[in-house]
Amino acid sequence: MDKNHELYYDEISSLRKFRSKIDSHAVYKEDLDDFSNEYEELIAQAKVITRVSDRLQKKLDNANIQIKEQNDEIKFKNIELKTTVDQLAQARVGRKASTIMLSVALILFIAEQLLLEPWIQANIDIPFAGLGILAILFVLVKVLESSLEKYFMNKEKKKILEAEQKQAEGWS
Amino acid sequence: MEKIFIEPTRTTPLINFDPDEGLLEMKGRSSPENSIEFYQKILDNLEEYALSGGEQFTANIAFEYFNTSSSKCLFDVFKRMSRIEDSGKTITINWHYEEGDDDMMEAGEDYSDLLDLDFNFTEIEED
């Protein structure tokens with residue numbers, strides 16, 4: 001059998017046969033009947049194939065809409081999760097960073113008062129030099145506090161996400 | 001006539017044709033690059049079955065989806081089955097569709113009506 005068939009091979013083959021009969025002027029009523037029957041069947045076939053395809057196209061469209069809706073929902077849930085993780089991390093980290101920086105600030109203040117202040121009074125003749133140094137220390141502490149908070153936040157977020165992932169793996 | 005077994009892929013269905021048992025199974029999704037190339041072997045074997053196959057023939061069909069060119073090939077497959085029936089053999093066609101998949105059920109009804117073949121419709125649970 002011919003292994004190189006194309007789609008609608010039988011129908012094309014019938015058409016070729018009929019055309020060759022026309023060319024040879026050997027068309028009988030029987031041939032016309034056969035050809036019109038085949039044509040009728042082809043129309044019925046086309047109708048069914050179109051109907052079936054339309055239905056399955058609709059099925060595919062619905063599936064695509066569903067996927068899109070699910071994607072949108074996942075995106076929304078991701079945003080929600082990120083916000084919750086941020087809030088949770090902020091709550092856990094904020095206090096920790098403030099406590100550390102308050103302790104550091106206190107140590108620096110005491111060190112400044114005990115060690116640096118007497119030295120400044122003895123060696124530097126600039127008014128309010130001690131206060132200036134305290135102001136610099138204050139700014140430094142604030143900068144350090146934000147960096148420390150950022151560092152702890154990233155660490156905490158990683159921890160929360162790992163815990164979430166473990167929990168999700170446990171469910172699946 | 002030869003046995004045909006084709007593992008399913010993302011775009012082609014599982015095919016199991018056993019001429020000794022008089023059985024054809026087609027299951028899964030069908031949207032191959034070249035549908036006629038994929039179905040040709042089945043069409044040729046069914047043609048041969050009508051001439052020299054056993055007295056009983058059963059087809060179990062369970063599609064999730066098929067594209068337009070596959071729907072034409074399926075029409076040709078059922079046409080061959082119709083020829084098997086015309087040759088005096090007993091033919092059973094089981095058309096399975098997923099629960100609630102009315103589109104797929106109606107697609108089976110369309111083929112059944114057009115070719116005047118009896119289909120047994122069975123709803124199956126989703127995987």
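Anything mentioned here points back to the structure above.
Keep in mind that this is a model prediction, so the values were computed, not measured.

Caption draft 1: Structural context of the overall build of chain B. Helices and strands together make up the secondary structure of chain B, namely three helices and six strands. Counting from the amino terminus, helix and strand elements in chain B follow one another as β-β-β-α-β-α-β-α-β. Out of the 127 residues belonging to chain B, those deemed buried represent 31%. Of the contacts formed within chain B by residues at least 6 apart in sequence, a portion of 69% connects residues at least 24 apart.

Caption draft 2: Up close: helix α2 (residues 29-123) of chain A. Its maximal kink placed at L116(A), α2(A) deviates by approximately 40°, while the proline P118(A) follows within four residues. Counting buried positions along α2(A) gives five out of 95 residues, so the element sits mostly on the surface.

Caption draft 3: Just the nonpolar core, in detail. Core analysis: the biggest nonpolar cluster contains 30 residues, and A59(B), I61(B), L74(B), V77(B), F78(B), M81(B) and Y111(B) have the highest contact counts within it. When residues of this core are traced back to their parent elements, those giving at least two are α2 of chain A together with β2 (14-18), β3 (23-30), α1 (35-52), β4 (56-66), α2 (68-86), β5 (90-98) and α3 (102-115) of chain B. The element that contributes the greatest number of residues to this core is α2(B), accounting for seven residues. Once you skip the residues sitting within four places of it in the chain, V77(B) turns out to touch Y39(B), I42(B), L43(B) and L46(B).

Caption draft 4: Highlighting the packing of α2(A) against α2(B). Here α2(A) crosses α2(B) at 135°, and the two axes come no closer than 9 Å. On the basis of the axis angle, α2(A) is oblique to α2(B). Note on packing geometry: the crossing formed by α2(A) with α2(B) is right-handed. Judged by residue contacts, Q45(A), V48(A), I49(A), V52(A) and S53(A) of α2(A) engage T68(B), S71(B), K72(B) and F75(B) from α2(B). Across the contact of α2(A) with α2(B), the residue classes break down as four nonpolar, four polar and one charged.

The rules we used
- Residues numbered from 1 in each chain as written.
- Chains lettered and ligands numbered in written order.
- Predicted model: local features only at pLDDT ≥ 70, side-chain atom pairs only at ≥ 80, totals over all residues.
- Helix = DSSP H or I, 4+ residues; strand = E, 2+ residues; numbered from the N terminus.
- Buried ≥ 20, exposed ≤ 12 C-beta atoms within 10 Å, placed from the backbone.
- Contact = placed C-beta atoms within 7 Å.
- Bend = angle between axes of the 7 residues up to and from the residue.
- Core = buried A, V, L, I, M, F, W, Y, C linked by C-beta atoms within 7 Å.
- Axes fitted to C-alpha atoms, helices over the stretch in contact; angles between N-to-C directions.
- Parallel < 35°, antiparallel > 145°, perpendicular 65-115°, else oblique.
- Left-handed = near helix turned anticlockwise from the far one by under 90°.
- Nonpolar A, V, L, I, M, F, W, Y, C, P; charged D, E, K, R; others polar.

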